[in-house]
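For reference, the chains in residue letters:
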Amino acid sequence: MIYTCTLNPSVDYIIHTPNFQAGGLNRGENPDYYPGGKGINVSRVLNRLGVENTALGFLGGFTGDFIKGELKKENIKSNFIEVNGVTRINMKLKSNTETEINGPGASITEAQLSHLYDQIHSMKTGDFLVASGSIPSTVPDNFYVEIANICKEKQVNMIADTSSQALKELIGTELFLVKPNQHELEELFDTTIDSFEDAVSYGKKLHEQGAKHVIVSMGGNGAVYIGTDVCLFANAPKGEVKNSVGAGDSMVAGFLSAFTKTNQPKEAFRYAIATGSATAFSNDLCTRDAVEKLLQQISVEAID
């Protein structure tokens, strides 16, 4: 089973306001509401790719009810822990430029956090856990390290898709997959990456320090994959970028979807690029048809 964990989910409220003016009355149009959060995005894309999974994390209030209801509509299993506060709302205001206003997350108690640890302890050998997103202020900074240790003990494959600081804490632990973009990799090693050779070099450092599979995304310039005795490059397909949210989460979902079906890193890498790009070229998360069409444009080559 694949599980996703979202510590700080959200309702993503997207509103379009032509010619937005600060300090004045602006009328929005074409609003959209989506269940948000990196792990939830992974769950939604996995489901669209035909892969069963269960979403974990913390939800509360009317916004938490909305998220559970939307996931139920998509036939996505969930086992969220109820919190006392209200799950946050993140607003994305699209005008001449895009502005984001992220609300504060609900507080998480020690008892609620302990309940989540128990859920992870109950996972079985060979399961996958996607741990995504930032760590809320009411959760200990070492949370990801703690669950990585649980996953190692239970032989659960952990995927870490989080910020550079949280990822730094994980260096040296066993991980199934990490997926930093170029900027995150630069922050992680306090360096500048100017070429694919640099990306491979620092990606190998992550691999050597415990990450079984490493994908480094370099935007429109493509991506590199580093695994055991193999380095690969994939081009980025052509298309109009419409969506800055969820592309990285979709890459994780695409990789897991293909890997759990084929056990082939090269095919999983190609599918990851197609899935991430399909979301970037869509207004919402990608569809399976969009992913399949983009696969034809992606070639994967070995890097010496």
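All values reported here derive from a predicted model rather than from experimental measurement. (Residues numbered from 1 in each chain as written. Predicted model: local features only at pLDDT ≥ 70, side-chain atom pairs only at ≥ 80, totals over all residues. Heavy atoms only, no water.)

Asker: How do you make sense of helix H8 (residues 247–262) when you look at a structure like this?
Answerer: Given 3.6 residues per turn, any residue in an α-helix points the same way as the ones three and four places further on. Under the 1.5 Å per step criterion, the end-to-end length of H8 is 22 Å for 16 residues, consistent within 8% with the ideal 22 Å. With 12 of 16 residues buried, H8 is to be regarded as a mostly interior element. Buried within H8 are the following residues: Ala 247, Asp 249, Ser 250, Met 251, Val 252, Ala 253, Gly 254, Phe 255, Leu 256, Ser 257, Ala 258 and Phe 259. After H8 finishes, the residue Asn 263 shows a positive phi value of roughly 60°. (Helix = DSSP H or I, 4+ residues; strand = E, 2+ residues; numbered from the N terminus. Expected span 1.5 Å × (residues − 1). Buried < 20%, exposed > 50% of the residue type's maximum accessible area, 1.4 Å probe, protein only.)

Asker: It is not clear to me how the packing of aromatic side chains should be interpreted in this structure. Could you clarify?
Answerer: Two numbers describe a pair of aromatic rings. These are the distance of the centres and the angle of the planes. Under the criterion given, the structure shown has 11 aromatic pairs. Centroid distance Tyr 13 to Tyr 33: 5.1 Å. Interplanar angle 15°. Geometry classified as stacked. One end of the pair, Tyr 13, is in strand S2 (residues 10–16); the other, Tyr 33, is in strand S3 (residues 29–36), with 20 residues separating them in the sequence. For the pair Tyr 225 and Phe 269, a centre-to-centre distance of 5.8 Å together with 35° between the ring planes defines the contact as tilted. Here Phe 269 lies in helix H9 (residues 265–280) and Tyr 225 lies in strand S13 (residues 223–227), a separation of 44 residues in the sequence. There is no split in this pair, since Tyr 225 and Phe 269 are both buried. (Phe/Tyr/Trp six-rings, centres within 6.5 Å; stacked < 30°, edge-to-face > 60°.)

Asker: What's the story with the pairing of strand S1 (residues 2–6) in this structure? I'm lost.
Answerer: Within a regular strand, the side chains alternate between the two sheet faces. Of all five residues that make up S1, five are buried, and the element is covered over most of its length. On S1, burial covers both faces: Ile 2, Thr 4 and Thr 6 on one face and Tyr 3 and Cys 5 on the other are all buried. Bridge analysis of S1 against strand S4 (residues 53–59) gives five bridges, and the strand direction is parallel. Considered in S4, the bridge of Thr 6 is made with Gly 57. (Pairing = 2+ DSSP bridges.)

Asker: Help me out: how do you make sense of the environment of Glu 74 in this one?
Answerer: Structurally, Glu 74 is set in the loop between helix H2 (61–73) and strand S5 (77–78). For the pair Glu 74 and Arg 44, spaced 30 residues apart in the sequence, the C-alpha separation amounts to 7.8 Å. What Glu 74 contacts, discounting residues up to four positions off in sequence, is Arg 44, Asn 47 and Arg 48. (Contact = heavy atoms within 4.5 Å.)

Asker: How do you make sense of the nonpolar core when you look at a structure like this?
Answerer: Burial of nonpolar side chains together is a common tendency in soluble globular proteins. Counting 47 residues, the largest nonpolar core has Leu 116, Leu 129, Phe 143, Tyr 144, Ile 147, Met 158 and Leu 170 as the members making the most contacts within it. A total of seven residues in this core trace back to one element, the largest contributor, which is helix H4 (residues 143–154). Residues Leu 49, Ile 215, Leu 232 and Phe 269 belong to the second largest nonpolar core, which totals 40 residues. (Core = buried A, V, L, I, M, F, W, Y, C linked by side-chain atoms within 4.5 Å.)

Asker: I'm lost on the packing of H9 against helix H10 (residues 288–295) in this one. Help?
Answerer: How two helices pack is summed up by the angle between their axes together with the distance between the axes. Viewed as axis vectors pointing N to C, H9 and H10 meet at an angle of 125°, and their least axial separation amounts to 8 Å. One element, H9, and the other, H10, form an angle in the oblique class. Crossing hand, H9 versus H10: right-handed. Residue-level inspection shows Arg 270, Tyr 271, Ala 274, Thr 275, Ser 277 and Ala 278 of H9 in contact with H10, the latter providing Ala 290, Val 291, Glu 292, Leu 294 and Leu 295. Of the residues that constitute the contact of H9 with H10, the class distribution is seven nonpolar, two polar and two charged. (Axes fitted to C-alpha atoms, helices over the stretch in contact; angles between N-to-C directions. Parallel < 35°, antiparallel > 145°, perpendicular 65-115°, else oblique. Left-handed = near helix turned anticlockwise from the far one by under 90°. Nonpolar A, V, L, I, M, F, W, Y, C, P; charged D, E, K, R; others polar.)

Asker: Looking at this structure, I do not really get the pattern of salt bridges. What am I missing?
Answerer: Counting across every chain of the model gives 14 salt bridges. In this structure, the salt-bridge partner of Glu 82 is Lys 68, at a minimum N-O distance of 2.4 Å. You can see Glu 82 sitting in strand S6 (residues 81–82) and its partner Lys 68 sitting in helix H2, a full 14 residues away along the chain. Given the relative accessible area of 43%, Glu 82 is considered partly exposed. What makes Lys 68 partly exposed here is its relative accessible area of 26%. As a salt-bridge pair, Arg 270 and Glu 267 come within 3.3 Å of each other at their nearest N and O atoms. Residue Arg 270 and its partner Glu 267 are located together in helix H9, separated by three residues, close to a single helical turn. Given the relative accessible area of 23%, Arg 270 is considered partly exposed. Through salt bridges with shared partners, one network takes in Lys 38, Asp 161, Lys 179 and Asp 249. (Salt bridge = Lys/Arg side-chain N within 4 Å of Asp/Glu carboxyl O.)

Asker: Explain the sheet that holds S3 to me, please; I cannot follow it from the model alone.
Answerer: The strands making up a sheet associate through hydrogen bonds between their backbones, and the pairing can be parallel or antiparallel. An order of S3-S2-S7-S8 is seen for the four strands of this open sheet, with the pairing classed as mixed. Sheet topology places S3 and strand S8 (98–102) at the edges, where each strand pairs with a single neighbour. Shown here is a sheet whose adjacent strand axes are inclined to one another by a mean of 15°, direction ignored. Across six bridges, S2 lies against S3 in antiparallel orientation. Among the inter-strand pairings, Val 11 is bridged to a residue of S3, identified as Pro 35. Docked against the sheet, H2 engages S2, S3 and strand S7 (88–94), running at close to 85° with respect to S3.

Asker: What exactly am I supposed to notice about the packing of H8 against H9 here?
Answerer: Where H8 meets H9, the closest approach of the two axes is 7 Å, and the angle between their N-to-C directions is 150°. As H8 packs across H9, the resulting crossing turns out to be right-handed. Residue-level inspection shows Ala 247, Ser 250, Met 251, Gly 254, Phe 255, Ser 257, Ala 258, Phe 259 and Thr 262 of H8 in contact with H9, the latter providing Pro 265, Glu 267, Ala 268, Phe 269, Tyr 271, Ala 272, Ile 273, Thr 275, Gly 276, Thr 279 and Ala 280. Across the contact of H8 with H9, the residue classes tally to 12 nonpolar, seven polar and one charged.

Interpretation in functional terms is not warranted from these geometric data alone.
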